[in-house]
Amino acid sequence: MLYLVGFFFIILLYLIYNPHNFSGIYYHCMLLGNIFMLLGYVCRIIPTIYYNRGCAKFDLDQYEDAIREFDNAIFFNPKFSFAYYRRGIAKGTLGFYTEAINDLDKAITLVPDKYMFYLYRAESKRSLNQYEDAIDDYNKAIGLTSNVADVYYYRGSARFDLGQYIEAIQDYDKAISLDPNDANAYHYRGAAKGALGQY
């Protein structure tokens with residue numbers, strides 16, 4: 001919108017100072033139109049460049065550098081939901097769980113239908129011992145996708161932490177049915193059964 005206003009402002013100035021030069025107006029309109037299209041393209045591509053750099057640094061375990069790259073992506077595009085999401089994961093990995101939750105809140109506000117946003121927010125809440133809130137987020141994630149083993153495994157772990165062993169076993173059962181090779185789900189299902197005296 002700002003580009004459009006600038007475009008018409010420049011045309012108005014040109015008309016004021018050159019009221020009889022219509023061929024010049026056409027030429028300058030075309031030139032300015034191309035400049036504004038190029039600026040629009042640059043403004044769209046710059047956040048993506050920073051985001052991709054952040055993802056690469058995250059994959060190299062350079063979490064603080066990744067956060068700076070995601071900061072830059074968000075600076076150029078404040079509505080870049082995946083930049084908030086990945087920055088939240090990086091902050092959570094560094095133990096900044098409250099900041100991670102804030103970033104994931106923003107990502108969810110922008111795009112509320114991504115199960116992984118809820119999953120990682122739940123993990124940060126669980127790390128702060130906010131188990132009930134974490135379970136609410138796991139439930140929301142399951143409402144968006146019912147075939148991802150990790151969501152059931154982590155919800156089961158939150159229920160295990162609350163001593164809800166029967167519910168935890170049900171979640172571990174579901175996780176195992178979706179991913180029969182999940183060794184952790186077998187281990188913690190066994191621990192939950194042990195806590196109930198089911199040896």
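A quick note: this is a predicted structure, and the numbers were derived from the prediction, not measured.

A. Just unusual backbone geometry, in detail. Its identity as a non-glycine residue notwithstanding, D61 has a phi of 65°, on the positive side. Tracing the sequence through the fold places D61 in the loop between α2 (22-59) and α3 (63-76). Of note in this structure, N129 is not a glycine but carries a positive phi near 65°. Relative to the elements of secondary structure, N129 occurs in the loop between α6 (115-127) and α7 (131-144). By relative accessible area, N129 is classed as exposed at 53%.

B. Examining the side chain of K125 more closely. Tracing the backbone shows K125 in helix α6. Beyond its immediate chain neighbours, meaning those up to four positions away, K125 contacts I101, Q130, D133, A134 and D137.

C. Here's a closer look at helix α5 (residues 97-110). Here α5 contains 14 residues, and its C-alpha end-to-end distance of 20 Å stays within 8% of the 20 Å for a straight helix at 1.5 Å per residue. For α5, every residue scored as buried is listed here: A100, I101, D103, L104, A107 and I108. Down the axis of α5, the sector holding all buried residues measures 165°, keeping them to one side. With respect to the buried face of α5, the exposed residues turned more than 90 degrees away are T98 and T109. Buried positions along α5 lie against α4 (81-93) and α6.

D. Structural context of the pattern of salt bridges. Counted under the stated rule, the structure contains 16 salt bridges. Between D103 and R87 there is a salt bridge, with the nearest N and O atoms lying 2.7 Å from each other. Highlighted residues: D103 in helix α5 and R87 in helix α4, separated in sequence by 16 residues. With a relative accessible area of 5%, D103 lands in the buried category. The class of R87 is buried, set by a relative accessible area of 12%. Between D161 and R126 there is a salt bridge, with the nearest N and O atoms lying 3.0 Å from each other. Taken together, the positions of D161 in helix α8 (residues 149-161) and R126 in helix α6 put the pair 35 residues apart, joining distant regions of the chain. According to the relative accessible area criterion, D161 is partly exposed, its value standing at 37%. Each of D71, R87, K91, E99 and D103 takes part in a single network of salt bridges with overlapping partners.

Thresholds, definitions, all that
- Residues numbered from 1 in each chain as written.
- Predicted model: local features only at pLDDT ≥ 70, side-chain atom pairs only at ≥ 80, totals over all residues.
- Heavy atoms only, no water.
- Helix = DSSP H or I, 4+ residues; strand = E, 2+ residues; numbered from the N terminus.
- Buried < 20%, exposed > 50% of the residue type's maximum accessible area, 1.4 Å probe, protein only.
- Contact = heavy atoms within 4.5 Å.
- Expected span 1.5 Å × (residues − 1).
- Arc of directions from axis to C-beta.
- Salt bridge = Lys/Arg side-chain N within 4 Å of Asp/Glu carboxyl O.

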